[in-house]
Amino acid sequence: MISAVIKEVICETATVKRFRIGDIKGRPLVKFTPGAHLVTEIGSSKKWVRPYSIVRYTRDGSYEIAVLKTERSRGGSRYWHEKVRKGDGLKISLPRNGMKPSFSARHHVFLAAGIGITPIIGMARWCKERGIGFELHYTARTKAQCAFYSHLKTNFPGQCHFYFTRETAAERLTPELLYQYRTGTAVYICGPPAFNHQYKAAALAAGFPDRAVYTEMFVPPSSEGRKPFVFSTSHGSYRAGAEENFLDLLLEKGFQIPYSCRSGQCGTCEISVKGGEVDHRDQFLTAEEKMEGRMLPCVSRGKSITFPLIIEL
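Colleague: Quick one: what's the story with the sheet that holds strand E14 (residues 236-240), residue by residue and with numbers?
Modeller: The strand order E14-E13-E19-E15-E17 describes an open sheet built from 5 strands, whose pairing is mixed. Because the sheet does not close on itself, it has two edges, and the strands there are E14 and strand E17 (294-295). Both strand E13 (residues 229-233) and E14 contribute to a ladder of 5 bridges, which runs antiparallel. By the bridge assignment, Val230 is partnered in E14 with Arg239.

Colleague: Requested: an account of the nonpolar core, with residues and values cited.
Modeller: Counting residues in each nonpolar core, the largest one holds 30 residues, and the members touching the most others are Phe110, Ile117, Ile120, Leu136, Tyr138 and Leu152. Looking at this core, the elements that each hand over two or more residues are strand E8 (107-113), helix H2 (118-130), strand E9 (133-140), helix H3 (149-155), strand E10 (160-164) and strand E11 (185-190). Broken down by element, this core gets its largest block of residues, 6 residues, from H2. Viewed by domain, this core spans two of them, domain 1 (2-92) and domain 2 (107-215), each represented by three or more residues. Filtering out sequence-adjacent residues up to four positions away, Ile120 remains in contact with Met99, Phe110, Ala112, Leu136, Tyr188 and Cys190.

Colleague: Got a sec to walk through the sheet that holds E9? Specific residues and values, please.
Modeller: Sheet architecture is open: 5 strands sit in the order E10-E9-E8-E11-E12, paired in parallel fashion. On the outer flanks of this sheet lie E10 and strand E12 (213-216), each paired with one strand and no other. Strand-to-strand twist in this sheet, taken as the mean axis angle between neighbours without regard to direction, amounts to 15 degrees. Pairing analysis gives 4 bridges linking E11 to E12, with the strands arranged parallel.

Colleague: Can you explain the environment of Tyr179? Please cite residues and give values.
Modeller: Structurally, Tyr179 can be placed in the loop between E10 and E11. Counting along the chain gives 33 residues from Tyr179 to Ala212, while the straight-line C-alpha distance between them is 14 Å.

Colleague: Help me get a handle on the pairing of strand E4 (residues 48-57), residues and values and all.
Modeller: Across the 10 residues of E4, 8 count as buried, placing the element largely inside the fold. Relative to E4, strand E3 (residues 36-42) is paired through 6 bridges, and the arrangement is antiparallel. Bridge pairing in E4 places Leu38 opposite Tyr52. The hairpin turn running from E3 into E4, its antiparallel successor, is 5 residues long, and Gly43 in that turn takes a positive phi close to 120 degrees. Turn length for the E4-strand E5 (residues 63-68) hairpin, with the two strands adjacent in sequence and antiparallel, is 5 residues, and the turn residue Gly61 shows positive phi of about 80 degrees.

Colleague: Requested: an account of the pairing of strand E2 (residues 16-23), with residues and values cited.
Modeller: Buried residues dominate E2, accounting for 8 of its 8 residues. Relative to E2, strand E1 (residues 2-11) runs antiparallel, the two being bridged by 7 bridges. Along E2, the bridge assignment pairs Ile6 with Ile21. Hairpin connection between E1 and E2: a loop of 4 residues separates the two successive antiparallel strands. Where E2 meets E5, 6 bridges bridge the pair, whose relative direction is antiparallel. Looking across to E5, one finds that Val16 is bridged to Leu68.

Colleague: Mind laying out the pattern of salt bridges, listing which residues take part and the relevant values?
Modeller: Scanning the model with the defined rule gives 13 salt bridges in all. A salt bridge links Arg20 to Asp60; its shortest N-O distance comes to 2.7 Å. Remark: Asp60 occurs in the loop between E4 and E5 and Arg20 occurs in strand E2; sequence separation between them is 40 residues. The partly exposed category is assigned to Asp60, whose relative accessible area is 34%. Close ionic contact of Lys69 with Glu82 constitutes a salt bridge, the shortest N to O distance being 2.8 Å. With a gap of 13 residues between them, Lys69 in the loop between E5 and helix H1 (76-82) and Glu82 in helix H1 connect regions that are remote in the sequence. The class of Lys69 is partly exposed, set by a relative accessible area of 33%. Residues participating in the shared-partner salt-bridge network are Lys7, Glu8, Arg20 and Asp60.

What counts, and where the lines are drawn
- Residues numbered from 1 in each chain as written.
- Predicted model: local features only at pLDDT ≥ 70, side-chain atom pairs only at ≥ 80, totals over all residues.
- Heavy atoms only, no water.
- Pairing = 2+ DSSP bridges.
- Helix = DSSP H or I, 4+ residues; strand = E, 2+ residues; numbered from the N terminus.
- Core = buried A, V, L, I, M, F, W, Y, C linked by side-chain atoms within 4.5 Å.
- Buried < 20%, exposed > 50% of the residue type's maximum accessible area, 1.4 Å probe, protein only.
- Domains from an automatic or database assignment.
- Contact = heavy atoms within 4.5 Å.
- Axes fitted to C-alpha atoms, helices over the stretch in contact; angles between N-to-C directions.
- Salt bridge = Lys/Arg side-chain N within 4 Å of Asp/Glu carboxyl O.

Structure representation (C-alpha cells):
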C-alpha cells in the first residue's frame, strides 16, 4: 500500500463528495487505464478498507475518487463523509481494473445509475480523446442528485442522455434501448446490483455476446441467511460468527491474502478449499472452478458449523 494524503474535499451533491488524493511525498502517482479503481485504507482506531473507482487523474499527478453516503452504509461511506478532512493521511493500492474500454469495439455504450458513473467518466474521456464513437445513458433520481452533471454536459455535449426518475417530467432508461445497436458495439454497465443484473441480462437477450458486455459493482451481496461456521488451516481451527466477514477474519489471523474489490467481482482474494461446504456468493468464479474447490472469502463463507471448511493458504 502507498502512503497518501487527502489534498482536497469537494461536495458534488448533497450525498456525494469528491476527494483528491496525492502521494504523501508530493510525487506523481502512477497513471492508470480508464475504468480502474483503487483500494483505500483510512481511519485510526478502526481501519475502513474500501474500493473506489478513480474519476480522473489530475495535472499534479493525483487521483480523484467520489464517495456516495448511503443509508445502508456499513460505516465506510459515513466515515468518509463525516470524518475525512484535507490533510488526513491514508493508504492506497495501485490502480486495478475490473472494467476497462474494449480496444476492438467500433462503438461504446455506457449505462450508469447513481454513483456508478464514476468509472464511466474516464472511459468516456478515453473515447473522446481517440475520436471513438460513444454515448452515455445516465439515470438518477433528480438533476440535483446527479453527480458530475455539469461536467458531463460540458465535456460530452450531444453524447450524454440523462434520465431523472423523480422530476416533474420524469424519464426512464429502459432495456429496450439495447436492441438498436449493431454488431461491434460494446456495452458497459455500472450501478446498483439490481441495475447491473437487469441490464446485463437485457444486453445478452438483445444478442450481445458475453465478451462485449462489461459490468462492475463494489456492493457486496446480501448478508441474508449467513450462519456461523468453522474453518481449519495448517495453523489451527477457528470459528467465524454470522456477522463476521471471512476475508477480514483471515487477515486478522495474520494470513497474507491479496484483495481488491471486496465484492466478489475480481477474483484477487481467491483461495483453495480442500473440504467442507462453501456458501458461494461471488459473481466471478465459474461453476467448474467452484466444484474444483476455489472460493472468494471477501463474500463467500462456510455454510455451517456441521461441515467445517478446510482451506489451504
